[in-house]
Amino acid sequence: MEKATRKKKLGGYPAVGVVFSITLALFALGLFGTLMIYSQEFGKMVRENLNVKVYLKSTLTENQRSQLEKTLLGKEYVASGETALKYISKEEAEKDLVAQIGDYKEILGENPLKDAFIVGIKPGFQDTTNLKKIKADLETVNGILEATYEKHLFDAVNTNFFNISIVLIVIAVIMLVITFLLVSNTLRIALFSQRFLIRSMQLVGAKRWFIQRPFLFRAAGYGLLAGALTSALLWALSDYSQKKLPDIMLVHNQRHFLFLLALLLGIGMVVAVVSTFFSIHRYLKMSLDELY
């Protein structure tokens, strides 16, 4: 009886080890995915603070300024929401200038500053070529004296975020490959104990799909379970982090995070099924001597 039990254990399928290994691989992938979401949201925050300053002609009346505001809001490159437009009167600008350099009127006399709009630009129009076109377009609008922007700041943001995006994409591909290899090796080792069962089914005339089907369904279940466990762990970690570090909420995108969790469920199931398929296919082609 003890001998029979030992044989059963030796030939059993290590379900717990398989689920744990897949969960571990998916968890590492999920952490990196969360980091990508945070970096994307941080980049979005930075870009929302990039703008073009539009100086107005001093002869503009209140009605003309209101009409100009509507014209600017109708431009396709102007951002939406609170960052779209901000009006700064020359009196407000003067207060800021006095706070920075002190009283300047003894030297300059009257207020030399102009009324201005701070115009938020959509991220898709923040490259050098579009900014030049935007500047030229704004300066053709009636009532606008000049449009300026900090070219070096836009260039630095575009360059840095482009380089960061490339690095993150490369790392993401590497992480996916590592996840696939880790899961594949785990399942191949797990199926090693089932190789004689596979050969027995093959010897009695079972077709390949009939042999593969139960293993593939089981792999799909284990992958789905591992994905669910990973999602639960990431959710708990994210919730805990936001309670301990509230600033994380500034870069946390709930919709993207939920999409990541759903994606991990799919990746866990697909990787497990694909890895199992190739492992079984390998054992089906092996001779009896190779199985030993």
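Residues numbered from 1 in each chain as written. Predicted model: local features only at pLDDT ≥ 70, side-chain atom pairs only at ≥ 80, totals over all residues. Heavy atoms only, no water.

Draft legend 1. Here's a closer look at the environment of valine 52. Structurally, the position occupied by valine 52 is in strand E1 (residues 51–56). Judged by relative accessible area, which is 1%, valine 52 ranks as buried. Each C-alpha atom, one on valine 52 and one on leucine 131, is 8.8 Å from the other, the two residues being 79 residues apart in sequence. (Helix = DSSP H or I, 4+ residues; strand = E, 2+ residues; numbered from the N terminus. Buried < 20%, exposed > 50% of the residue type's maximum accessible area, 1.4 Å probe, protein only.)

Draft legend 2. View of the nonpolar core. Of all hydrophobic cores here, the largest spans 28 residues; its most connected members are Val18, Ile22, Leu26, Val183 and Leu264. Contributions of two or more residues to this core are made by helix H2 (15–48), helix H7 (151–192), helix H9 (208–244) and helix H10 (254–285). Ranked by size, the runner-up nonpolar core spans 23 residues in total, among them Tyr77, Ala84, Ile134 and Val157. (Core = buried A, V, L, I, M, F, W, Y, C linked by side-chain atoms within 4.5 Å.)

Draft legend 3. Region of the structure containing the pattern of salt bridges. Considering all chains together, one arrives at five salt bridges under this definition. For lysine 75, the salt bridge is made with aspartate 137, and the minimal N-O distance between the two is 3.2 Å. Of this pair, lysine 75 sits in the loop between helix H3 (62–73) and strand E2 (85–88) while aspartate 137 sits in helix H6 (residues 128–138), placing them 62 residues apart in sequence. Its relative accessible area of 21% is what places lysine 75 among the partly exposed residues. (Salt bridge = Lys/Arg side-chain N within 4 Å of Asp/Glu carboxyl O.)

Draft legend 4. Main features of the packing of aromatic side chains. Summed over all chains, the structure comprises five aromatic pairs. Pairing tyrosine 149 with phenylalanine 154 gives two aromatic rings, centres 5.8 Å apart and planes at 85°, and the pair type is edge-to-face. Side by side, tyrosine 149 and phenylalanine 154 carry an identical accessibility label, which is buried. Their ring planes at 80° and their centres at 5.5 Å tell us that phenylalanine 277 and phenylalanine 278 sit as a pair that is edge-to-face. A relative accessible area of 32% means that phenylalanine 277 is categorised as partly exposed. Positioned over the ring face of tyrosine 87 is arginine 65, at 4.0 Å from the centre of the ring. (Phe/Tyr/Trp six-rings, centres within 6.5 Å; stacked < 30°, edge-to-face > 60°. Lys NZ or Arg CZ within 6 Å of the ring centre and 35° of its normal.)

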